[in-house]
Structures are given as structure tokens and as C-alpha cells.
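Structure assessment
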Amino acid sequence: FASSVKRLMIIEEMDAIFEEQIRAMGIDVEIGKNKLPLCGEINADIIRTALGESTSEIAVPVEGLPQRPPVFCPSCAHRGLFTILSKLKTFVSGDIGCYTLGALPPMNAMHSVIDMGASISAAHGMAKVNAIAGRDEKPVAVIGDSTFFHSGITGLLSMSYNAGNALVIIMDNRTTGMTGGQENPGSGVTLQGVPTRQVEIAPLVKALGIENVAELNSYDLKETEAAIKKGLETPGPYVLIDKNPCVLRYKIRKPAITVEPDKCTGCRACLKVACMALGLVASGEKQKVRVDPNVCNGCGVCAQMCKFDAMHTIEGENNANL
Ligand code: SF4
Ligand code: SF4
Ligand code: SF4
């Protein structure tokens, strides 16, 4: 190939893996790491600069656009869990998935994320260090079903075997939500779309030697808070499993909630759940909350934050396609 081209360029991110091998074969490389950075992502402008061409105009964002920080989808089950973890201000060892968004404001309820499956093993290690240091703090690990199947099982087995002391919350939404809804061993379908054995998490967790295993419904904030407190107060490994499916993957639709403007005081408590369906509108000298009915998916988590009975869920068929 090299002998068939006039100029040979090797464009690879990070280390010069191909380039070193190709140069070692005695092949001339005109542009490689002599012009391209060793660190960071390579984009079109970096390549143009390396080629000696002029760079494109960089578009400046239009001013005045509303800020849209990344948040969970409307009615995602993770919202209720992180609302409570944020309230309890407990240490949370996180993992890789949509639920990693719990680290961002306003939740700020995930304090470490290392790699796939590390939520459990890191929480286990932290609990051991806490015990040595005499700190009475039981860490929480949050992990999704896909990540648990991928690499969380070994960490939980280690916690069971090595007399650990952490609360592990497994968000079993029966899909790989963050990367677009791929199948996993819990969904009952292979990646090729072939029906297969569906692995249930609770029996698997018990088989690893964990005695305290309970279900969690993170759409119910009071129940979630009570379940987490019980898990934190009970000595030893404790596993909570939330079995609410990913609403995006399974196309679950519910009627939007309503807000009574006369009852809304503008206290903003409901905004703590960080749902993109909620916004503020001017009402006299105040700002009151309004719900975008095209975005809200009626989970009712925000309504549970309202002490003024201003938000109401509407009963309706849910079209879960499970
Ligand atoms: S894709 Fe699913 S799991 Fe991820 S934020 Fe949306 S509803 Fe939640
Ligand atoms: S919590 Fe209730 S009263 Fe407070 S802003 Fe929201 S809807 Fe209004
Ligand atoms: S009920 Fe509240 S939290 Fe749930 S989707 Fe609608 S606005 Fe968001």
C-alpha cells in the first residue's frame, strides 16, 4: 500500500501504535506523531493543521439559548433513586451507565466512578478502610444490570467472601440504556435478536452468598428512602434491586402530570428532581412551575416533592412493551 501512494500519513489517536510498527518496517511516514498530538481527541481541524491547510471557521453558539445540562430522560427510574441518595448525602460509589448522570448537579450524588464493575469492589474496599479508621459509614454502590452482568458479579462475590459491609443498589432496567438499548443477559434476547434464557438478578445475588436481598421501587420516594436506610443500618452486605424498565427502550408512555397554578408557591422543591419537562414561568412577581405535557411522562416523582399538593398525576394506561 505504501508504495502505491505519494504521501503516507498515519492518523491515530493517543500512542503511535501503527506508526511505530510501520516505521520499523523501513517505510517512510510523512505525517504522524511529528505533527499530531499524543493526547486528546483528533478532529478535522487538527488534521487540516497537520496537513498545512487552513482551519474551518468555528461556529459560535447563538446567545440566549436555554442551558440544557444532561439529565435522565423524563420518567427514568434513576431519578427517584438519586433524589433520595442526594437527600441522604451518603457516599456513593458509582459505575458506568445512564445512572452516572447522578454525579451531576443538582443531584451531586455519585462520588467516584472508576470503570465497569468497580462500583462494588471500590465500595467494598472503602468499607474495609472505614472499619480500620473507625469510621461508622457504610458506603453505597450503584450499578446497572448490564454492568452488573458484565463485571459486577465478581466484586459482589468478593464482598460476600471477604465479609464486606456495603449497600449495593442494582438498577435492573433490562437493557443497556446508555449505549442505545442493547440486550443483556437479563433481557431474554441475545444481541442477534434470538430469544434466550433470561437471567434473574436476585437468585444470582443470593447464590453469591448475599443473604440480605430486597426489591426497591425508586418511583416511590418514601419507600426508596426507607429501603436505603434499612440497607445502611443492617450490618454486612445488603443488595437492593430496582426492577423498573428503561422507559425509553421499552417505549413506556404515561399521561403528563398537571400543575395547579393557584397552589404552586414557586418553592422549587420539585425542580430538585432535575426533569427537563419542568420549567419556570413568570406569574406576577413570582415564578411558578409549569410542566411541558409533550415532554413529561407522568412518573409522579416531582409531585412527591411538592408539599402544597399542586402537582397531580393522571391515571392512564401504560403501554409497557415488555
Ligand atoms: S435511556 Fe433509559 S435508563 Fe437511560 S436515562 Fe433514559 S430512561 Fe433512563
Ligand atoms: S414543589 Fe409544588 S409548590 Fe413548589 S414549585 Fe413545585 S409545584 Fe410549585
Ligand atoms: S412526572 Fe415530573 S419527574 Fe416525572 S416525567 Fe413528568 S415532570 Fe418529569
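Cut-offs applied
Residues numbered from 1 in each chain as written. Chains lettered and ligands numbered in written order. Predicted model: local features only at pLDDT ≥ 70, side-chain atom pairs only at ≥ 80, totals over all residues. Heavy atoms only, no water. Near = heavy atom within 4 Å. Nonpolar A, V, L, I, M, F, W, Y, C, P; charged D, E, K, R; others polar. Helix = DSSP H or I, 4+ residues; strand = E, 2+ residues; numbered from the N terminus. Buried < 20%, exposed > 50% of the residue type's maximum accessible area, 1.4 Å probe, protein only. Contact = heavy atoms within 4.5 Å. Domains from an automatic or database assignment. Buried area = accessible area lost by both parts, 1.4 Å probe. Phe/Tyr/Trp six-rings, centres within 6.5 Å; stacked < 30°, edge-to-face > 60°. Lys NZ or Arg CZ within 6 Å of the ring centre and 35° of its normal.

A short note on the site of ligand 3
If you check the shell around ligand 3, you find Pro74, Ser75, Ile257, Cys275, Ala277, Leu278, Cys296, Asn297, Gly298, Cys299, Gly300 and Cys302 and nothing else. By residue class, the composition of the shell around ligand 3 is eight nonpolar, four polar and no charged.

Regarding the environment of Val205
The residue Val205 is located in helix α6 (residues 201–207) in this model. According to the relative accessible area criterion, Val205 is buried, its value standing at 0%. Measuring from C-alpha to C-alpha, the distance between Val205 and Val239 comes to 7.9 Å, with 34 residues separating the pair along the chain. Those residues in contact with Val205 that lie beyond four places of it in its chain are Phe148, Leu156, Ile170, Ile210, Val213 and Val239.

As for the domain arrangement of the protein
Considered domain by domain, the protein is made up of domain 1 (2–50), domain 2 (78–242) and domain 3 (258–312). Computed over C-alpha atoms, the centres of domain 2 and domain 3 are 30 Å apart. Regarding the contact of domain 2 and domain 3, the summed buried area is about 730 Å², with carbon and sulfur atoms giving 66% of it. Counting the surface domain 2 buries against domain 3, the share from its top three residues, Arg79, Tyr219 and Leu221, is 65%.

Some details on the packing of aromatic side chains
For the structure shown, the criterion picks out two aromatic pairs. Taking 6.3 Å as the distance between ring centres and 55° as the angle between the ring planes, the aromatic pair formed by Phe148 and Phe149 counts as tilted. When its relative accessible area of 13% is taken as the criterion, Phe149 is described as buried. Between the NZ or CZ atom of Arg249 and the centre of the ring of Tyr250, over which it lies, the distance is 4.7 Å.

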